[in-house]
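Structural overview
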Amino acid sequence: MANIVDTYYKSKASVREAVKTLRTNISFSGSDKEIKSIVITSPTARLGKTTVASFLSIAYAETGKKVLLVDTDCRRPMVANSFRQRPPRGMLQVLYREATVEEAAMETRQTGLYIMDCGGRITNPVEFVNSRRFRAFAEEAERNFDIVVYDTPPLGTFIEAALLAAHADGTLIVMQPGKVQSAVAKDIVDQLNKANAHILGVVFNNVLNIKSDGYYYYGKDIKSSKREWNREGTRKAKDKHSKSDTTRKR
C-alpha cells in the first residue's frame, strides 16, 4: 500500500482541487467561531473515511497550518497504516499521562502534518471518549495545533463519533452512493443532531466521472455537486439527499 501522501499528490488535479475547495468551504462554515477541530465519520466501514480525513489534513497542511490527524477508531485503526508509519506512542499514552500531545504526535512526509495513533486497544471506548481526560487531551491538542482532525469509528455501528462531535467545531459525514441505506443515513444525522453537533455536510466518495444537470462530479475519490448552499457556504446534511459541495461550476 502506498503512502497516503504520495497517493494525494499522484491523484488527479481535479481531486486535489475538490479537497481544497472542501477545505475552503469548511472555513466559511464556522460563522462566528473558527473551525479548529473536525470529526470525520461515516455510516459504515470501508466508505473512504480515512482517505477523506487524510486528504483534508494534507490540504490544510499545504496552507502552512500545523495539523494533527488523530485516529480514534481503536477497534480498526487505519491512519498509521495509511501513512506507512508507526508512532511509538499514541492517544492512550497521552490520556494515561505517559506522554504529552507533542511527544505522541509523529511528523509525516507532508510538512506541517502530524499523525497520532490510537496507542492500543480500549475495553470501553464510550467511557473513554466521554471522560474528562479525553476532553483535557482535546484541549491540549487544540493549543498545540492549528487544526485537529479526528478519524472516528463509523457512527452507524458505534456511538463514539457522536460523543466526539458534541465537542468538536464541526463534523463531516463520508458516504458512497449505493452503499448506504437511506434509513441508516437519516439515523446517523439524527444522532449527530441529538448530540448538538455542528454538521458541516456530506462528502460523497468513490463516484464515477459523470456530468449531469450542469453539475461536475469528480471521481473516483471525491465528488461534489453544486446545490442548495446554506449561508455559510457549505451544504447542511438534513436527509438522505443532503450533499456537501467541494466543487464549483465551470
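Residue numbers restart at each chain and count upward from 1, following the sequence in its written direction. Under the rules for a predicted model, residues below a pLDDT of 70 receive no local features and side-chain atom pairs below 80 are neither given nor counted, while totals for whole chains, interfaces and linings still include all residues. To get the side-chain values, all heavy atoms of the structure are used, and hydrogens and water are removed first.

Another aspect to go through is the confidence of the model for the chain. As a per-residue quantity, pLDDT reports the predictor's confidence and falls between 0 and 100. Here the chain averages 82 in pLDDT, while 81% of its residues score no lower than 70. The numbering of helices and of strands both runs from the N terminus, where a helix is a DSSP run of H or I of at least 4 residues and a strand a run of E of at least 2. Predicted confidence in the chain is weakest over strand β9 (residues 215-216), with a mean pLDDT of 24, and strongest over strand β4 (residues 113-116), with 98. The contact definition used throughout considers only heavy atoms, calling two residues in contact when any of these lie within 4.5 Å. Considering only residues more than four positions removed or in separate chains, one finds that residues 210-250, a stretch of pLDDT under 50, has 112 contacts.

As a further point, take the state of the cysteines. Only a pair of cysteine sulfur atoms within 2.5 Å qualifies as a disulfide here. In total, this model carries 1 disulfide according to the counting rule given. One disulfide bridge connects Cys 74 with Cys 118, the sulfur atoms lying 1.5 Å from each other. Between Cys 74 and Cys 118 the disulfide shows an S-S torsion of about 80°. By sign, it is right-handed. In this pair, Cys 74 is assigned in the loop between β2 (67-71) and α4 (79-83) and Cys 118 in the loop between β4 and α7 (125-129), connecting sequence segments 44 residues apart. Here the two residues Cys 74 and Cys 118 agree in accessibility, since each one is buried. Here's how the labels work: a residue is buried when its accessible area is under 20% of the maximum for its type, exposed when over 50%, partly exposed in between, all with a 1.4 Å probe on protein chains only.

Further remarks concern the packing of helix α2 (residues 13-28) against helix α3 (residues 49-62). Only the contacting stretch of a helix is used when fitting its axis, a line to C-alpha atoms as for every element, and angles between N-to-C directions run 0 to 180 degrees. Contact geometry for α2 and α3: axes closest at 9 Å, N-to-C directions at 75°. It follows that α2 is roughly perpendicular to α3 by the angle criterion. Contacts from Val 15, Val 19, Lys 20, Leu 22, Arg 23 and Ile 26 of α2 reach α3 at Phe 55, Leu 56, Ala 59, Tyr 60 and Glu 62. Residues are grouped as follows: nonpolar covers Ala, Val, Leu, Ile, Met, Phe, Trp, Tyr, Cys and Pro; charged covers Asp, Glu, Lys and Arg; every other residue, Gly included, is treated as polar. Looking at the contact of α2 with α3, its residues break down into 8 nonpolar, no polar and 3 charged. Note on angle classes: values under 35 degrees are labelled roughly parallel, values over 145 roughly antiparallel, values of 65 to 115 roughly perpendicular, and the remainder oblique.

Pairing of aromatic side chains here covers Phe, Tyr and the six-membered ring of Trp, requires ring centres within 6.5 Å, and sorts the geometry by plane angle: under 30 degrees stacked, over 60 edge-to-face, intermediate tilted. Across all of its chains, the model carries 6 aromatic pairs by this definition. In this structure an aromatic cluster arises from ring pairing among Phe 128, Phe 134, Phe 137 and Tyr 150. Only lysine NZ and arginine CZ atoms are considered, and such an atom sits over a ring when it is within 6 Å of the ring centre and within 35 degrees of the ring normal. The positively charged end of Lys 66 is found above the aromatic ring belonging to Phe 145, 4.8 Å away from the centroid. Stacked on the ring of Phe 158, the Lys or Arg Arg 75 has its end atom at 3.6 Å from the ring centre.

What follows deals with α3. For a helix, the expected span equals 1.5 Å multiplied by the residue count minus one. Between its terminal C-alpha atoms α3 stretches 20 Å, which fits the 20 Å expected from 14 residues at 1.5 Å a residue. Most of α3 is tucked away: 12 of the 14 residues are buried. Within the span of α3, buried status applies to Lys 49, Thr 50, Val 52, Ala 53, Ser 54, Phe 55, Leu 56, Ser 57, Ile 58, Ala 59, Tyr 60 and Ala 61. Following α3 by one or two positions, Gly 64 adopts a phi angle in the positive range, close to 95°.

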